[in-house]
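# Understanding the architecture of this molecule
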Amino acid sequence: MTRLSINLNKVALIRNARGGNLPNLEQVAIDCEKFGAQGITVHPRPDERHITFADIPKLKALVTTEFNIEGNPTPHFINLVLKNKPHQCTLVPDDPNQLTSDHGWNTIENESFLTEIIAELKEVGIRTSLFVDPEGKMVEGAKKVGADRIELYTGNYASNYINNKYSAVKPFTEAAKVANDIGIGINAGHDLNLNNLEFFQKNVSNLLEVSIGQAFVSDALYFGLYNTVQLYLRELK
Ligand code: PXP
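This section reports on the structure supplied with the text. What you are looking at is a predicted structure, and each value in this text was computed from that prediction instead of being measured. (Residues numbered from 1 in each chain as written. Predicted model: local features only at pLDDT ≥ 70, side-chain atom pairs only at ≥ 80, totals over all residues. Heavy atoms only, no water.)

## Some words on the overall build of the protein chain
Definition in use: Numbering of helices and strands runs from the N terminus; a helix is a DSSP stretch of H or I covering at least four residues, while a strand is a stretch of E covering at least two. Computation of the radius of gyration draws on C-alpha atoms alone. For the globule rule, the value is 2.2 Å times the number of residues to the power 0.38. In this analysis, two residues are considered to be in contact whenever any of their non-hydrogen atoms come within 4.5 Å of each other. All accessible areas in this document rest on Shrake-Rupley with a 1.4 Å probe, and a residue is counted as covered only by the protein chains that are shown.
A tally of helices and strands in the protein chain yields eleven helices and eight strands. For a compact globule of 237 residues, the expected C-alpha radius of gyration is about 18 Å, and the protein chain comes in at 17 Å, within 12% of that figure. Across its three principal axes, the protein chain shows a C-alpha extent of roughly 45 × 40 × 30 Å. Sequence-distant contacts, at least 24 apart, represent 65% of the contacts inside the protein chain between residues at least 6 apart. Total accessible area on the protein chain is roughly 10900 Å²; 52% of this is exposed by carbon and sulfur atoms.

## Here we look at the pattern of salt bridges
A side chain of one charge can pair with a side chain of the opposite charge if their charged atoms are brought near each other. Quick reminder of the rule: Any Lys or Arg side-chain nitrogen located within 4 Å of an Asp or Glu carboxyl oxygen qualifies as a salt bridge. Only protein chains enter the area calculation, which uses a 1.4 Å probe; residues under 20% of their type maximum are buried, those over 50% are exposed, and those in between are partly exposed.
One pass over the full model with this rule turns up 13 salt bridges. A salt bridge links Asp47 to Arg49; the shortest N-O distance between them is 3.0 Å. Given the relative accessible area of 44%, Asp47 is considered partly exposed. Look at Arg49 and you get partly exposed, because its relative accessible area is 23%. Across the pair Glu198 and Lys202 runs a salt bridge whose closest N-O atoms are separated by 2.8 Å.

## Quick word on the site of the ligand
Selection criterion: It suffices for a single heavy atom of a residue to lie within 4 Å of a molecule or strand for the residue to be listed as near it. Contacts described as polar in this section are N or O atom pairs within 3.5 Å, which, within protein, must combine one atom able to donate a hydrogen with one able to accept it, while residues neighboring in sequence count only if both atoms come from side chains. Throughout this entry, Asp, Glu, Lys and Arg are counted as charged residues, while Ala, Val, Leu, Ile, Met, Phe, Trp, Tyr, Cys and Pro are counted as nonpolar. The remaining residues, Gly among them, count as polar.
For the ligand, the set of nearby residues contains 15 residues, the closest of which are Ser101, Glu151, Asp191, Gly213 and Gln214. At a separation of 2.8 Å, an oxygen atom of the ligand approaches a polar backbone atom of Asp191. In this structure, an oxygen atom belonging to the ligand sits 2.9 Å away from a main-chain N or O atom of Gln214. For the ligand, whose free accessible area comes to 400 Å², the fraction covered by protein is 96%. Residue composition of the shell around the ligand, by class: three nonpolar, eight polar and four charged.

## Quick look at the environment of Leu59
When you line up the elements, Leu59 lands in helix α3 (residues 55–62). Taking the C-alpha atoms as reference, Leu59 lies 7.6 Å from Ala29; in sequence the two are 30 residues apart.

## Looking at helix α8 (residues 165–182)
As a reminder of what qualifies: In a helix, the anticipated span is given by 1.5 Å times the number of residues less one.
In this model α8 runs 26 Å from its N-terminal to its C-terminal C-alpha over 18 residues, within 8% of the 26 Å that 1.5 Å per residue would give. Regarding α8, the residues found buried are Ala168, Val169, Phe172, Ala175, Ala176 and Ala179. Structurally, α8 contributes buried residues whose contacts are with α6 (136–144), β6 (149–153), α7 (155–161), β7 (185–189) and α9 (197–203). The residue sitting at the N-terminus of α8 and contributing the capping side-chain oxygen is Asn164; that oxygen lies 3.0 Å from the backbone nitrogen of Tyr166. With its phi angle positive at about 80°, Gly183 sits one or two positions after the end of α8.

## Observations regarding unusual backbone geometry
Across the junction of Leu22 and Pro23, the peptide omega takes the value 0°, indicating a cis bond. Position of Pro23 relative to the elements: it lies in the loop between α1 (9–18) and α2 (25–34). The phi dihedral of Lys85 falls on the positive side, at around 40°, and the residue is not glycine. By the element assignment, Lys85 lies in the loop between α4 (75–84) and β4 (88–91). With a phi angle near 65°, Asp191 is a residue other than glycine that sits in the positive phi range. Within the secondary structure layout, Asp191 lies in the loop between β7 and α9.

This is the structure in structure tokens:
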């Protein structure tokens, strides 16, 4: 089974545009879960342009499925995570000014840094996942530094899918084989949508979780929140 975790960043972005509480982020989280989503993901960035640091404890208090906080492990981010103890923390090597995450960790060059951070998170029982590109040696590196899971960065899959879905998915199928062989769990995310999701899941064995934000929120404008959750769940059946 592949769990659907909804990334709520873009809901927060709309709210922040007016400085009030519309849409109500907490209510959207409650409703996503009520409608069948199996997780809630947030990616606080240092400028708080979408999810704010104050949102985190509020969401932690209400999420009943799986709460996943992702981000760059700066000391501030790690403190936030340790204080709020999500079920899962996904470490992402994104620059503070980056528009969105666009690459995974070099798990070999960052071995000692990642080993230390992951140990700190694991000590308080937080499952850790490392955002990586679909490269066997980066997956092996993730295992070596103690991560429980990898999150495969699927931006390239989504852009190449349009031209040739078979070659687009091939590196992911291969990276997943490495992950399954060495016993590290597999998540995936970025630019997944109602067109490319089913094919990805069929070709990546033991895909445990996908986190989806941009396309989900865009689809919800047309279909509504309830229908959109059902449409994504259907792709993952
Ligand atoms: N995974 C990571 C690490 C991300 O940074 C993002 C975007 O915040 C996502 C998944 C979700 O990507 P999208 O919004 O394109 O679905």
